Amino acid sequence: MGATPEPDETSRQSPESAIPERLQRILEFERQWWKHAGAKEEAIRAQFGLSAARYYQLLNAALDDPRSLVFDPMLVKRLQRMRDARTQARSARSVGSAQSAPATDHP
């Protein structure tokens, strides 16, 4: 009689805190996507059968799901920071272009 093996991380989570398998696969892909040969969009289509736009919609939903933090807190926080930085950069560009655009009101 051998010792019972330790349960892995996912089996220790309660059913309410476990993320759906599809979101888990997306987070695992984000953790190691760079290992795939070719463009990321090609790897997304090959692995998930999704367009890049749909994949990123699902990824953003996963980043907003508190269960994802339980699954992989470091990865989720890193991806949230990257998303926030892109959002701020886009916002700064749109504010800058609105300020430099000539007025179109004619008296």
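Here, every reference points to the structure presented above.
Residues numbered from 1 in each chain as written. Predicted model: local features only at pLDDT ≥ 70, side-chain atom pairs only at ≥ 80, totals over all residues. Heavy atoms only, no water.

Next up on the list: the packing of helix α2 (residues 21-32) against helix α3 (residues 40-48). Each pair of packed helices can be summarised by the angle the axes make with each other and by the distance between the axes. At a minimum axis distance of 12 Å, the contact between α2 and α3 shows a crossing angle of 145°. Crossing angle aside, the handedness with which α2 passes α3 is right-handed. Across from R25, I26, F29 and E30 in α2, the residues of α3 making contact are K40, A43, I44, Q47 and F48. Partitioning the contact of α2 with α3 into residue classes produces five nonpolar, one polar and three charged. (Axes fitted to C-alpha atoms, helices over the stretch in contact; angles between N-to-C directions. Helix = DSSP H or I, 4+ residues; strand = E, 2+ residues; numbered from the N terminus. Left-handed = near helix turned anticlockwise from the far one by under 90°. Contact = heavy atoms within 4.5 Å. Nonpolar A, V, L, I, M, F, W, Y, C, P; charged D, E, K, R; others polar.)

Our focus in this paragraph is the nonpolar core. Membership of the largest hydrophobic core comes to 18 residues, with the highest contact counts inside it found for I26, L27, F48, Y55 and L59. With five residues, the single largest contributor to this core is helix α4 (residues 52-64). In contact with L59, not counting residues within four places along its chain, are I26, L27, E30 and L79. (Core = buried A, V, L, I, M, F, W, Y, C linked by side-chain atoms within 4.5 Å. Buried < 20%, exposed > 50% of the residue type's maximum accessible area, 1.4 Å probe, protein only.)

This next bit is on the packing of aromatic side chains. Under the defined criterion, the tally for this structure stands at four aromatic pairs. Residues F29 and F48 carry aromatic rings whose centres are separated by 5.4 Å and whose planes lie at 85° to one another, so their mutual orientation is edge-to-face. Here F29, found in helix α2, pairs with F48, found in helix α3; they are 19 residues apart in sequence, far enough to count as distant. Take F29 and F48: they sit in the same class, and that class is buried. A centroid spacing of 5.7 Å and a plane angle of 80° characterise the contact between F29 and Y55, whose relative ring orientation is edge-to-face. Here Y55 lies in helix α4 and F29 lies in helix α2, a separation of 26 residues in the sequence. Residue classification places Y55 among the buried residues on the basis of a relative accessible area of 0%. (Phe/Tyr/Trp six-rings, centres within 6.5 Å; stacked < 30°, edge-to-face > 60°.)

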